[in-house]
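The primary structure of each chain is shown beneath.
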Amino acid sequence: MSDSTEGTVSHNVYFDGKVKSLALDTDKGKATVGVMKKGTYQFSTSTPEKMIIIAGIMDVKLPEGSWTKYYEKDEFDVASGVIFDIICDTDVAYICYYG
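Read on for a plain summary of the structure. (Residues numbered from 1 in each chain as written. Predicted model: local features only at pLDDT ≥ 70, side-chain atom pairs only at ≥ 80, totals over all residues. Heavy atoms only, no water.)

This part covers the overall build of the protein chain. Broken down by element type, the protein chain carries zero helices and ten strands. In the protein chain, the succession of helices and strands from N to C terminus is β-β-β-β-β-β-β-β-β-β. Its C-alpha atoms give the protein chain a radius of gyration of 14 Å, within 12% of the compact-globule value 13 Å for 99 residues. Overall, the C-alpha framework of the protein chain stretches about 50 × 25 × 25 Å when taken along its three principal axes. For the protein chain, long-range pairs separated by at least 24 residues make up 59% of all intrachain contacts whose partners lie at least 6 apart in sequence. Just so you have it, the protein chain exposes about 6400 Å², and 53% of that area is on carbon and sulfur atoms. The average position of the 10 basic charges and that of the 15 acidic charges among the side chains of the protein chain differ by 5 Å. (Helix = DSSP H or I, 4+ residues; strand = E, 2+ residues; numbered from the N terminus. Rg over C-alpha atoms; globule rule 2.2 N^0.38 Å. Contact = heavy atoms within 4.5 Å. Areas by Shrake-Rupley, 256 points an atom, 1.4 Å probe, with all protein chains shown as cover. Lys, Arg positive; Asp, Glu negative; His and termini not counted. Charge placed at Lys NZ, Arg CZ, Asp CG, Glu CD.)

Here you go:
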């Protein structure tokens, strides 16, 4: 066992603990794996993102778009520098790729 911090996993907490994610490096680049409790959320992006739903259902409203429902294994892309809305009627698990 090593005491090195190299390769550690970052833990991110948002919305009073209702959204949590773990950051990691993958063969597709930087990513987070996370969960969202049932609720309504607004996020902003600083880089392009690809969201893939692992479990659950979420309604997403991207800029200048209408509400779209995404199910397990569905994915969607979010441009850099935008704000978008998510409504989770159930708990959701996801992976998000950045860049």
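With that settled, consider the side chain of D59. Position of D59 among the secondary structure elements: in strand β6 (residues 58-61). For D59, a relative accessible area of 14% translates into the label buried. A distance of 3.2 Å separates the side chain of D59 from the side chain of K69, its partner in a polar contact. Those residues in contact with D59, other than ones at most four positions away along the chain, are W67, T68, K69, D85, I86, I87 and D89. (Buried < 20%, exposed > 50% of the residue type's maximum accessible area, 1.4 Å probe, protein only. Polar contact = N/O pair within 3.5 Å; in protein donor to acceptor, adjacent residues only side chain to side chain.)

All right, on to the pattern of salt bridges then. Considering all chains together, one arrives at five salt bridges under this definition. As a salt-bridge pair, D91 and K37 come within 2.8 Å of each other at their nearest N and O atoms. One end of the pair, D91, is in the loop between β9 (83-88) and β10 (92-98); the other, K37, is in the loop between β3 (29-36) and β4 (39-44), and 54 residues separate them in sequence. Taking the relative accessible area as the measure of exposure, K37 reaches 42% and is therefore partly exposed. In this structure, a network of salt bridges that share partners links the residues K50, E75 and D77. (Salt bridge = Lys/Arg side-chain N within 4 Å of Asp/Glu carboxyl O.)

As a further point, take the packing of aromatic side chains. A full pass over the atoms with the stated rule returns five aromatic pairs. Judged by centre distance (4.5 Å) and plane angle (35 degrees), the ring pair of Y70 and F76 falls under tilted. Among the aromatic side chains, those forming a connected cluster through ring pairs are F15, Y41, F43 and F84. (Phe/Tyr/Trp six-rings, centres within 6.5 Å; stacked < 30°, edge-to-face > 60°.)

This brings us to the sheet that holds β4. Strand order in the open sheet made by the four strands is β4-β9-β6-β7, with antiparallel pairing throughout. In this open sheet, the two edge strands, each paired with only one partner strand, are β4 and β7 (68-70). Strand after strand, the sheet turns through a mean of 25 degrees between neighbouring axes, direction not considered. Note that β6 and β7 share three bridges and pair antiparallel. (Pairing = 2+ DSSP bridges. Axes fitted to C-alpha atoms, helices over the stretch in contact; angles between N-to-C directions.)

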